[in-house]
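Here's the letter readout for the chains.
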Amino acid sequence: MEIAEDYLEEARRQLRGHKRMGEGAMAQLKDQEFFLTLDPASNSVAILVKHLAGNMRSRFTDFLTTDGEKPNRFRDQEFELTSATTRDDVMKWWEEGWLRVFTAIEGLKPEDVMRTVTIRGAPHTVLQAVNRQIEHYAQHIGQIVFLAKHLRSGEWKTLSIPRGKSEDYKAVRSKDR
């Protein structure tokens, strides 16, 4: 059970890190950049957030007891916004989605890790289902970071070690040990 406890803690750590990374990127965007699509086939940051929130709601509502693809999820609509959609609306969806994720994940016990849940009718262990979502969220948050970095260009503030500062970072880390 110790491995399962460690797994759940690592899953929580990764999810918190993905949320923090997304928020760090979104905070740097102006409102018009938040809704901008680079071309007709692309998603804006706002659309990516709407999709993530829809996925989070579907996957993590009644996580252990119902299929992760809820009948009231209309995925295609997650890729549509109206002109009335505000940044506050989008950020509310973001927070609600993450609240569902963390509520479900925090409620898991080590003995749940090998339980079976379904997503679109297919069986997954809890471990597989959580890993699937971590991967999915990382992919879309990577897109958010990429878009924000592209749109902010020279005004971008790095979310990790700045370019050309790796050796400085290593030197500080070695002093801390």
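Structure shown above.
Residues numbered from 1 in each chain as written. Predicted model: local features only at pLDDT ≥ 70, side-chain atom pairs only at ≥ 80, totals over all residues. Heavy atoms only, no water.

### Notes on the pairing of strand E2 (residues 122-125)
For a regular strand, side-chain orientation follows a simple rule: the groups alternate between the two sheet faces.
Step number 1: Two strands pair when backbone bridges link them, and strand E1 (residues 116-119) and E2 are joined in this way by four bridges, in the antiparallel orientation. Bridge pairing in E2 places Val-117 opposite His-124.
Step number 2: Between E1 and E2, which follow one another and run antiparallel, lie two residues, and Arg-120 among them has a positive phi close to 55 degrees. (Pairing = 2+ DSSP bridges. Helix = DSSP H or I, 4+ residues; strand = E, 2+ residues; numbered from the N terminus.)

### Some points on the packing of helix H3 (residues 45-60) against helix H4 (residues 87-106)
Two quantities define a packed helix pair, namely the angle between the axes and the distance from one axis to the other.
Step number 1: Running from N to C, H3 and H4 point in directions that differ by 30 degrees, and their axes come no closer than 8 Å. It follows that H3 is roughly parallel to H4 by the angle criterion. The hand of the H3/H4 crossing is left-handed. In this structure, H3 contributes Ala-46, Val-49, Lys-50, Leu-52, Ala-53, Met-56, Arg-57 and Phe-60 to the contact, and H4 contributes Val-90, Trp-93, Trp-94, Gly-97, Trp-98, Arg-100, Val-101, Ala-104 and Ile-105.
Step number 2: Split by residue class, the contact of H3 with H4 holds 13 nonpolar, one polar and three charged. (Axes fitted to C-alpha atoms, helices over the stretch in contact; angles between N-to-C directions. Parallel < 35°, antiparallel > 145°, perpendicular 65-115°, else oblique. Left-handed = near helix turned anticlockwise from the far one by under 90°. Contact = heavy atoms within 4.5 Å. Nonpolar A, V, L, I, M, F, W, Y, C, P; charged D, E, K, R; others polar.)

### Topic: the nonpolar core
Step number 1: With 40 residues, the main nonpolar core has Trp-98, Val-130 and Tyr-137 as its most contacted residues.
Step number 2: Of all elements in the fold, only helix H1 (2-26), H3, H4, E1 and helix H5 (126-152) reach the threshold of two or more residues within this core.
Step number 3: Here this core takes eleven residues from H5, the largest share from any one element. (Core = buried A, V, L, I, M, F, W, Y, C linked by side-chain atoms within 4.5 Å. Buried < 20%, exposed > 50% of the residue type's maximum accessible area, 1.4 Å probe, protein only.)

### Notes on the packing of aromatic side chains
Step number 1: This model, assessed by the stated rule, comprises five aromatic pairs.
Step number 2: With a centroid separation of 5.3 Å and an interplanar angle of 75 degrees, the aromatic rings of Phe-34 and Phe-35 are classed as edge-to-face.
Step number 3: In this structure Phe-34 comes out as buried when scored by relative accessible area, which is 0%.
Step number 4: An angle of 70 degrees between the planes, with centres 5.8 Å apart, marks the rings of Trp-98 and Tyr-137 as edge-to-face. Placement of Trp-98 in helix H4 and of Tyr-137 in helix H5 is noted, with a sequence separation of 39 residues between them. We note that Trp-98, like Tyr-137, is buried.
Step number 5: Through a chain of ring-to-ring contacts, the aromatic side chains of Trp-94, Trp-98, Phe-102 and Tyr-137 assemble into a single cluster.
Step number 6: Positioned over the ring face of Phe-34 is Arg-87, at 4.4 Å from the centre of the ring. (Phe/Tyr/Trp six-rings, centres within 6.5 Å; stacked < 30°, edge-to-face > 60°. Lys NZ or Arg CZ within 6 Å of the ring centre and 35° of its normal.)

### Thoughts on the side chain of Asp-112
Step number 1: For Asp-112, the location among the structural elements is in the loop between H4 and E1.
Step number 2: Among all residues touching Asp-112, those that are not within four sequence positions of it are Leu-64, Gly-107 and Val-126.

### A closer look at the pattern of salt bridges
Step number 1: For the structure on display, the rule yields 15 salt bridges.
Step number 2: The residue Arg-73 makes a salt bridge to Glu-78 at a minimum N-O spacing of 2.7 Å. Considered together, Arg-73 and Glu-78 belong to a single accessibility category, that of buried residues.
Step number 3: Residues joined in a network through salt bridges with shared partners are Arg-59, Glu-69, Arg-73, Glu-78 and Arg-120. (Salt bridge = Lys/Arg side-chain N within 4 Å of Asp/Glu carboxyl O.)

Interpretation in functional terms is not warranted from these geometric data alone.
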